[in-house]
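Letter by letter, the chains look like this.
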Amino acid sequence: MERELALEIVRVTEAAALASAPWMGRGNKNEADGAATSAMRLMFDSVSIVGTVVIGEGEMDEAPMLYIGERVGTLDGPEVDVAVDPLEGTEIVSKGLNNALSVLAIAPKGQLLHAPDMYMEKLAVGPQLRGKLSITDPPEVTIEKAAKALGKPVSDLTVMILDRDRHKELIGTLRSIGVRIKFLSDGDVVGAISPSFPETGIDLYMGSGGAPEGVLAAAALKCLEGELQGRLMPADEAEWSRCIEMGISDPLSVLFMDDMVGTGDVIFAATGVTPGEFLGGVRYLSDQRAETHSIVMRAKTQTVRHVKATHFLPNKPYLQSVR
Ligand code: VTB
Ligand code: MG
Ligand code: MG
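As named in an unreviewed UniProt entry, the chain is Fructose-1,6-bisphosphatase, taken from Paenibacillus methanolicus. Quoted straight from UniProt, the Cofactor (unreviewed entry) entry for the chain says "Mn(2+)". Turning to the chain, the UniProt annotation filed under Sequence similarities (unreviewed entry) states: "Belongs to the FBPase class 2 family."

## As for the packing of helix α4 (residues 139-150) against helix α5 (residues 168-177)
In contact at an axis separation of 10 Å, α4 and α5 are set at 45 degrees when each is read in the N-to-C sense. Relative to α5, the element α4 lies oblique. Handedness of the crossing formed by α4 with α5: right-handed. On α5, the residues touching Pro139, Glu140 and Ile143 of α4 are Leu170, Thr173, Leu174 and Ile177. Residue composition of the contact of α4 with α5, grouped by class: five nonpolar, one polar and one charged.

## Here we look at the confidence of the model for the chain
A residue-level look at the chain finds 100% of positions with pLDDT of 70 or above and a mean pLDDT of 96. Confidence metrics for the complex model read pTM 0.97 and ipTM 0.94.

## Here we look at the pattern of salt bridges
Evaluated as defined, the whole model comprises 16 salt bridges. Linking Glu8 and Arg11 is a salt bridge whose minimum nitrogen-to-oxygen distance equals 3.4 Å. Of this pair, Glu8 and Arg11 both sit in helix α1 (residues 4-20), three residues apart, which is roughly one turn of the helix. Judged by relative accessible area, Glu8 falls into the partly exposed class, the value being 27%. Arg11 gets classed as partly exposed once you look at its relative accessible area, which sits at 37%.

## Description of helix α7 (residues 211-224)
For α7, built from 14 residues, the straight-helix expectation of 20 Å at 1.5 Å per residue is met to within 8% by its first-to-last C-alpha distance of 20 Å. Most of α7 is tucked away: 14 of the 14 residues are buried. Count one or two residues on from α7 and you reach Glu225, which has phi positive near 60 degrees.

## Some points on the sheet that holds strand β8 (residues 204-210)
Read across the open sheet, the five strands follow the order β7-β6-β8-β5-β9; overall the sheet is mixed. Two strands in the sheet have a free side with no partner beyond their single neighbour: β7 (180-184) and β9 (227-232). Going across the sheet, the axis of each strand differs from the next one's by a mean of 20 degrees, ignoring polarity. In this sheet, β7 lies alongside strand β6 (residues 158-162) in parallel orientation, the contact comprising five bridges.

## A word on the UniProt feature "binding site: Mn(2+) 2" (unreviewed entry) in the chain
The UniProt record marks Asp85, Glu88 and Glu213 with the feature "binding site: Mn(2+) 2" (unreviewed entry), using the residue numbering of this structure. These residues run over 129 residues, yet every pair of their C-alpha atoms falls within 8.3 Å of each other. Those annotated residues lining the largest pocket are, specifically, Asp85, Glu88 and Glu213. Mapped onto the secondary structure, Glu88 falls in strand β3 (residues 79-88). For Glu88, a relative accessible area of 5% corresponds to the buried category. Within the local environment of Glu88, its side chain forms a polar contact with the backbone nitrogen of Asp188, the two atoms lying 3.1 Å apart.

## Considering empty space enclosed by the protein
Following the criterion strictly, the structure yields two cavities of 30 Å³ or more and no others. In this model, the largest cavity occupies a volume close to 40 Å³. Around the largest cavity sit Asn99, Ala100, Leu101, Val190, Gly272, Thr274, Pro275, Gly276, Glu277, Phe278 and Leu279, which together line it. The residue makeup of the lining of the largest cavity, split by class, is six nonpolar, four polar and one charged. Its boundaries defined by the atoms lining it, the second largest cavity holds a volume of some 30 Å³. Lining of the second largest cavity is provided by Leu123, Val125, Leu129, Leu133, Glu227 and Gln229. Residue classes in the lining of the second largest cavity are distributed as four nonpolar, one polar and one charged.

## Considering the coordination of the magnesium ion (ligand 3)
The protein atoms donating to the magnesium ion (ligand 3) are Asp85 (OD), Glu88 (OE) and Glu213 (OE), with metal-donor distances spanning 2.1 to 2.3 Å. Taken in chain order, the donor set of the magnesium ion (ligand 3) reads D-x2-E-x124-E.

What counts, and at which threshold
Residues numbered from 1 in each chain as written. Chains lettered and ligands numbered in written order. Predicted model: local features only at pLDDT ≥ 70, side-chain atom pairs only at ≥ 80, totals over all residues. Heavy atoms only, no water. UniProt positions renumbered as here; feature names shortened; annotations may be inferred. Axes fitted to C-alpha atoms, helices over the stretch in contact; angles between N-to-C directions. Helix = DSSP H or I, 4+ residues; strand = E, 2+ residues; numbered from the N terminus. Parallel < 35°, antiparallel > 145°, perpendicular 65-115°, else oblique. Left-handed = near helix turned anticlockwise from the far one by under 90°. Contact = heavy atoms within 4.5 Å. Nonpolar A, V, L, I, M, F, W, Y, C, P; charged D, E, K, R; others polar. pLDDT = per-residue confidence, 0-100. Salt bridge = Lys/Arg side-chain N within 4 Å of Asp/Glu carboxyl O. Buried < 20%, exposed > 50% of the residue type's maximum accessible area, 1.4 Å probe, protein only. Expected span 1.5 Å × (residues − 1). Pairing = 2+ DSSP bridges. 1 Å grid on protein atoms, 1.4 Å probe; cavity = no way out; pocket = protein on both sides within 12 Å on 5 of 7 lines; lining within 4 Å. Polar contact = N/O pair within 3.5 Å; in protein donor to acceptor, adjacent residues only side chain to side chain. Points joined across faces, edges and corners; volume = space filled by probe spheres on them. Donors = N, O, S within 2.8 Å, 3.2 Å for Na, K, Ca; no water.

Here it is in structure tokens:
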């Protein structure tokens, strides 16, 4: 893929972030999500790719746009798989909390796992712990190995985890061995990427979140030399069949980085909507301008760009009025 695509796709996440940010704190997550999704779709129309959405907002009948299988882009250019979450953290935006972002990854056709929409158990780490841990270990063993590899006491480790009842047992174990826990209200893409940004102070990401978000995070971690291991959690017969239909013959097997992103040629972009661990949120300035903070990264070169942009809002056709 041409490197110019990196700049093209960050424009797409910027647009989605700018479109959803006016909904911050209005208690209306669907409007926030809808605004992000339409803006993303509109911006895709000018990107020179023949894109197929492989991770999107759901099936055609439940998602009006950016549904799985939808074609995006100008439809000339390279054939690519597209994974999107126009607004990762709809609830976050509606409540005015932290860590909402717009996120997108592209890779040559066939290289992104078509993750079914169900839970995935995850273990994510930054470069220092890559290859050193296993999701099949009990959590206490994982923590012990991590502390050893990082050369610090267990009590200095910080684990990020979604604040959910289903994590009660895991939280109990982590508390009993004395690690620090930083809870996320939503948005586990940020959780899984955070250990790869040392300034976050987060050492590991554990627990279960959405499988599509797992693939998006894996795409980012390919660019950051981090690692995510995942294991799908089909909850019933229907979810089990869904895995098989989507080409995952052994739904309970551990998914490694290469299973989720089968190429070293992935491009990832994310723009903050509300302030987060490693991205600022959309900030409104004077004179009808707003600032966005994004990261855009290519696995091929491992370049990580932080892009701060100032946008003149009257020039943005996708901004709807908010009442
Ligand atoms: C995660 C997170 C999302 O859902 O996938 C989580 O990344 C998992 O589902 O932002 P539960 O909310 O059921 O725990 C979100 O929080 C919302 O889609
Ligand atoms: Mg979404
Ligand atoms: Mg999401």
